[in-house]
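# Architecture and fold: a report
Here is how the chains run, residue by residue.
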Amino acid sequence: MAVVDQNVPGGAPEPDAEAGEVYATGNPWVLVARTFVQNRLAVVGLVLIVVLLLFSLIGPLIYHAPSAADALASKDQGPGGGYLLGTDSNGSDIMTQLMKGGQSSLLVGFVVGIFSTVLGLVYGAIAGFFGKALDNVMMRIIDIGLAIPVVFLFVFLAQVLKPNLLLLIGMLTAVSWLLPARLVRGESLSLRTREYVQAVRGMGGGSWRIIARHLIPNTIGTITVTITFQIANAVLVLAILQYLGFGLPPTTPTWGNTLFLAMQNFQDGYWWEVYPALVLIVLTVLAFNFVGDALQDAFDVRLQER
Amino acid sequence: MGQAIIVLLGVTVITFLLLDLLNTQGGGVARQILGSKAPQSQLIAWNHQNGFDKPFYVQFWKYLTRLLSGNLGYSYHYNQSVSSLLSDELPRDIVLGGISLILSLAIAIPVGVAQAVKRNKPVDHGLTAVSFVLYSMPPYAVAILLVQIFAISTHVFPATVTTSGNGWSAVFSDFSAQILPIISLTLVSYAYFSRYMRSSAIDTLAQDYIRTARAKGLSERMVLSRHLLRNSLLTVITLVGLSLPVVITGTVITESVFNDPGVGFTYVTAAQNYDYEYMLTVTVLVGVLTVLGNLLADMAYAMLDPRIRY
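Residues numbered from 1 in each chain as written. Chains lettered and ligands numbered in written order. Predicted model: local features only at pLDDT ≥ 70, side-chain atom pairs only at ≥ 80, totals over all residues. Heavy atoms only, no water.

## Section: the interface of chain B and chain A
We apply this condition: Contact definition: two residues touch when any of their heavy atoms are within 4.5 Å. Buried area counts how much accessible surface, traced with a 1.4 Å probe, disappears from two parts once they are put together, with both parts' losses summed. What counts as a salt bridge is simple: a side-chain nitrogen of Lys or Arg found within 4 Å of a carboxyl oxygen of Asp or Glu. Whenever two N or O atoms come within 3.5 Å, that pair is a polar contact, provided that in protein one can donate a hydrogen and the other can accept it, and provided that, for residues adjacent in sequence, both atoms are side-chain atoms. Strands here mean DSSP runs of E at least two residues long; helices mean DSSP runs of H or I at least four residues long; both are numbered from the N terminus. Just so you know the grouping, Ala, Val, Leu, Ile, Met, Phe, Trp, Tyr, Cys and Pro go in nonpolar, Asp, Glu, Lys and Arg go in charged, and all remaining residues, Gly too, go in polar.
Every contact between the two is made by 50 residues of chain B and, on the other side, 39 residues of chain A. Each partner contributes to the roughly 3,900 Å² buried at the junction of chain B and chain A, and carbon and sulfur atoms together form 74% of this total. Broken down residue by residue, the surface that chain B buries against chain A is led by Phe132, Ser136 and Tyr140 of chain B, which jointly contribute 16%. Across the contact surface, chain B and chain A share one salt bridge. Measuring nitrogen to oxygen at the nearest pair gives 3.5 Å for the salt bridge that ties arginine 195 of chain B to aspartate 293 of chain A. Counting across the chain B and chain A interface gives four residue pairs in polar contact (both at pLDDT 80 or more). Sorting elements by how many residues they give to the side of chain B that touches chain A places helix 15 (residues 276-304) of chain B first, with nine residues. Grouping the amino acids of the side of chain B that touches chain A by side-chain chemistry returns 34 nonpolar, 13 polar and three charged.

Here it is as structure tokens:
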């Protein structure tokens, strides 16, 4: 109970309030939820995310395109005639590609968002808590990572590795965990001086207990917000990687490769191949950013990169 | 300063290790340079001649001492020294990256302040929507949409850069071809900057010194220009510092779309041709710019804000 109260700045009740009353009026999660819902854009974002998930996961069960007998004959067809959004230059139904693409794009987004944040969280908490030489070494590693140009890295990797879903998730996580690590490190630097950390020390609690039970739970606001922004970023970067040559083949559709394929034929006037994929990417990134911004206000955290 | 050197050394080591992966593919760099018909013995001889058969630390030490003596290496693919390639190409990146950086800031700063002043009014929402949508689009899509609108549908600007010449004069001799790349990069950077500018201006607006300025009867114009704008510039300084390497890395996609042969464009070609030393040097150069940008930002920040002491 006491731990939960301290999670959220602004959510902590008056210290001398009675225990029962505290729970009824000052539950921080209720406050967070209330602030969140007051933000109309956040609700729009949340609804959008649910719709996009339904579109990708349930959509393929409901919508079926006519199976093309001859892929070449059915290529680059405009919307209509059984193909709701037309077909692409491989003769595949765009609607189906986008639904399947949503599955992989959102999967990459969620997994990379969560993995990179958790990795950064543990790393940053350890560096910030122990401080001194360990912190210095750990932060220089972060600095080195951030000084390696991501664009160049992926252009280079496109030459030596053949991407698959797992490799993409791994590489995206590898370049995404650095900023969360730096954020959490900054926060745990300040958290470790708090009274409750000293109290645990006084009661004989070890360093790892403090990190696992007190530091990490207290960064919950930063973490939630970071995950949201990281998901948005991963979905966007996945689409950009396609252009850099580090993308998946059309046999594993992503919104990125559908868009990339379409962009190559844009000059031929096949607009229906371009816009749906582009709109889906934009909506996804927007939705997660809306939710992230609102969570940032609700948890009252400041994400400073430096 | 000592930290900066450690970081640079780390970047160089990691880049060196990563690029060594090129040599695990087929015949590696040697195969790419000598062609697919070269016999195995020739590959071995080439590797020996260029020191690729030596242990990692020997190669690295050789590279590092050479780099420190000012020799940036030799591009096998382009058959000229990396430093002469860079002096040909960098002007394109500086023009494209520099102009779009200045333009995007020149738009983002006043717009951010205006949005903060008109917070949650329709103007603010409209401008936020524009920057959010731009932010959410893959940059190459922004570039291709611009080409579609301004080069293919209406022929206002050329779709690609056609001058093959190098150096400053070549960039400015065909400047109309640079306009679309500059616009597209400006839009992408603007979308990135504007989010910071708006929130930083909102934070500044809530400060006590703004209230004091108003209370002592300064005109709103003075409050905004002297107090709000100046303090919001602190955010910009940091962003400019962090953007220093982006002049090279941020232009990769734009240059590829517009066929503009700057460093970013050439890096992609170099990677496709396993042009080992070019890739190595350019990556280390970006590392140097990153570290330098951070240092400059910290120094400028401390100079402009007397409350900050390092």
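Right, picking up where we left off after that structure.
## Concerning the confidence of the model for chain A
Residues and elements named next belong to chain A. Stated formally: A residue's pLDDT is simply how confident the predictor is in it, with values from 0 to 100.
For chain A, mean pLDDT is 79; residues scoring 70 or higher make up 80% of the total. Within chain A, helix 9 (residues 165-176) carries the highest mean pLDDT (91), whereas helix 1 (residues 2-7) carries the lowest (38). Low pLDDT, under 50, characterises residues 1-24; the predicted model gives this stretch 28 contacts beyond four residues in sequence or across chains.

## Focus: unusual backbone geometry
Trans peptide bonds make up most of the peptide bonds, and negative phi angles are found at most residues other than glycine. Counted only if it meets this: We call a residue buried when its accessible area falls under 20% of the maximum for its residue type, exposed when it is over 50%, and partly exposed in between, using a 1.4 Å probe and counting protein chains only.
The backbone phi angle of lysine 132 of chain A is positive, close to 50°, even though this residue is not glycine. Among the secondary structure elements, lysine 132 of chain A is positioned in helix 7 (residues 132-147). With relative accessibility at 73%, the residue lysine 132 of chain A sits in the exposed group. A positive phi angle is found at asparagine 120 of chain B, which is not glycine, with a value near 65°. Within the secondary structure layout, asparagine 120 of chain B lies in the loop between helix 5 (82-117) and helix 6 (122-136).

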